[in-house]
Amino acid sequence: MPVPLFSTVSRAVSDSLGEVLWPTRCVACDQPGELLCEECRAALPWIEQRLACPSCGAPYGFLTCTECDGAWAPRATVSALGFHGAPARMVTCLKDAHELRLAPVIAAAMAVALEEASVWPGRDGAPRFSRADVDALCFVPATAEAYARRGYDHMELVSWELSRELRLPLADVLRRGRARDQRELGRDERAKNLSGTMCALDDLTGARLLLVDDVATTGASLAEGARALAARGAASVTACTLARVW
């Protein structure tokens, strides 16, 4: 049904008034104008996929990775950016400052990284990402406490945008139980904290899935998500994150 003219005009007026009262500012440098200004976009710390670890996605880990032993749970992990500067601010502003307009920006960055990674092999010799070899996209969900605090799941928003970018169906199949905030924990503690906290709701027999999250640090969240998907029959799990800590 066509959108009424009054509704369209009203929305335009509301958006214009919002820009006057609360002008859009760059999440990285706080300059007014755009969510991510031209200068900050040019300075984004992109991870060069040909040099990244084919297992965990850490920068410069292609030959010898200092961040994993090659036994990373997903068959391959693709991360778009290093987790510092603008990328760190993008994640924080989406999660904690309710800047929901960042969801398509983050999804676009992840899509760029996946495209670049598609020409480089994973540890199994197959491309790290191939749209033709993925049946659906899913995401690491927020805890119930985080959802209640924010009023939304930030990775669900990003996943909807990424599913449109990649033209893949979105499968909202993972659920997450209670766990301590991962930011407080070390590498071993993170794995123990998340062990057994995720489950997949549907039968996923034979499914080839792309699992997405905002940041890969130790890989504990991706590992637990991959475990839960495999437990319900997923044939393979490839992971993608906006950022990688190393």
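Everything quoted here is computed from the prediction, not taken from an experiment.

## Structural notes on the pairing of strand S5 (residues 208-216)
Counting buried residues in S5 gives eight out of nine residues, a clear majority hidden from the surface. Judged from the four bridges that link them, strand S2 (residues 136-139) and S5 form a sheet pairing that is parallel. When the bridges of S5 are listed, Phe139 appears paired with Val212. Examined bridge by bridge, S5 and strand S6 (residues 236-244) share eight bridges and lie parallel to one another. When the sheet's bridge partners are listed, Val215 is paired in S6 with Ala243. Handedness of the crossover joining S5 and S6 through helix H8 (residues 220-231): right-handed.

## Topic: the packing of helix H4 (residues 102-117) against helix H6 (residues 154-166)
For the pair H4 and H6, the least separation of the axes is 8 Å and the interaxial angle reads 45 degrees. Compared by their axis directions, H4 and H6 come out oblique. In this structure, H4 crosses over H6, and the sense of that crossing is right-handed. Here Ala103, Pro104, Ile106, Ala107, Ala108, Met110, Ala111 and Leu114 of H4 come into contact with H6, specifically with Leu157, Val158, Glu161, Leu162, Glu165 and Leu166. When the residues that make up the contact of H4 with H6 are grouped by side-chain class, the tally is 12 nonpolar, no polar and two charged.

## Overview of unusual backbone geometry
Positive phi, close to 65 degrees, is recorded for Tyr60, a residue that is not glycine. Position of Tyr60 among the secondary structure elements: in the loop between helix H2 (38-42) and strand S1 (76-82). Positive phi values are uncommon outside glycine, yet His98 reaches one of about 60 degrees. On the secondary structure map, His98 appears in the loop between helix H3 (86-96) and H4.

## Brief notes about the packing of H3 against H4
Here H3 crosses H4 at 140 degrees, and the two axes come no closer than 10 Å. As judged from the angle between their axes, H3 and H4 are oblique. Of the two elements, H3 crosses H4, and the hand of that crossing is left-handed. Facing Met90, Cys93 and Leu94 of H3, the residues of H4 in contact are Leu102, Ala103, Val105 and Ile106. Broken down by class, the residue content of the contact of H3 with H4 amounts to seven nonpolar, no polar and no charged.

## Comments concerning the sheet that holds S5
Strand pairs in the sheet, formed through backbone hydrogen bonds, run parallel or antiparallel to each other. Ordered by their spatial adjacency, four strands build an open sheet running S1-S6-S5-S2, and the pairing between neighbours is parallel. The open sheet has two edge strands with one neighbour each: S1 and S2. Averaged over all pairs of adjacent strands, the angle between their axes in this sheet comes to 20 degrees, without regard to strand direction. Of the strands in this sheet, S1, S2, S5 and S6 are in contact with H8, which crosses S5 at around 160 degrees.

## Quick notes on H3
In terms of burial, H3 is a largely internal element, eight of the 11 residues being buried. Within H3, the full set of buried residues consists of Ala86, Pro87, Ala88, Met90, Val91, Cys93, Leu94 and Lys95. Residues of H3 that are buried make contact with S1, H4, helix H5 (144-150), H6, S5 and S6. A positive backbone phi angle near 60 degrees is found at His98, which sits one or two residues after H3.

## Some details on the pattern of salt bridges
A complete count under the given rule lists 11 salt bridges for this structure. Put simply, Arg50 and Glu48 hold a salt bridge, and the shortest N to O gap is 2.6 Å. Residue classification places Arg50 among the partly exposed positions, given a relative accessible area of 39%. Exposure remark for Glu48: the relative accessible area of 35% places this residue in the partly exposed category.

Parameters at a glance
- Sequence positions are assigned chain by chain, starting from 1 and proceeding in written order.
- The predicted origin of the model limits local features to residues at a pLDDT of at least 70 and limits the giving and counting of side-chain atom pairs to 80 or more, whereas totals for whole chains, interfaces and linings rest on all residues.
- Side-chain measures here rest on the full set of heavy atoms in the structure, leaving out hydrogens and waters.
- Burial classification: accessible surface area is computed with a 1.4 Å probe over protein chains only, and a residue below 20% of its type maximum counts as buried, one above 50% as exposed, and the rest as partly exposed.
- Strands here are runs of E lasting at least two residues and helices are runs of H or I lasting at least four, both read from the DSSP assignment and numbered beginning at the N terminus.
- In short, DSSP must find at least two bridges between two strands for them to pair.
- Every crossover in which the path from the first strand over the helix to the second runs clockwise, viewed with the strands pointing away from the viewer, is termed right-handed.
- Axis definition: a line fitted to C-alpha atoms, limited for helices to the stretch in contact. Angles are taken between N-to-C directions and run from 0 to 180 degrees.
- When describing relative orientation, an angle under 35 degrees is termed roughly parallel and one over 145 degrees roughly antiparallel, while 65 to 115 degrees is termed roughly perpendicular and anything else oblique.
- Each crossing is labelled by how the near helix is turned from the far one, with a counterclockwise turn of less than a right angle marking it left-handed and a clockwise turn marking it right-handed.
- Here, residues are in contact when the closest pair of their heavy atoms is within 4.5 Å.
- Under the convention adopted here, Pro, Cys and the residues Ala, Val, Leu, Ile, Met, Phe, Trp and Tyr are nonpolar, Asp, Glu, Lys and Arg are charged, and Gly plus all remaining residues are polar.
- Salt bridges are defined by distance alone: a side-chain nitrogen of Lys or Arg within 4 Å of a carboxyl oxygen of Asp or Glu.

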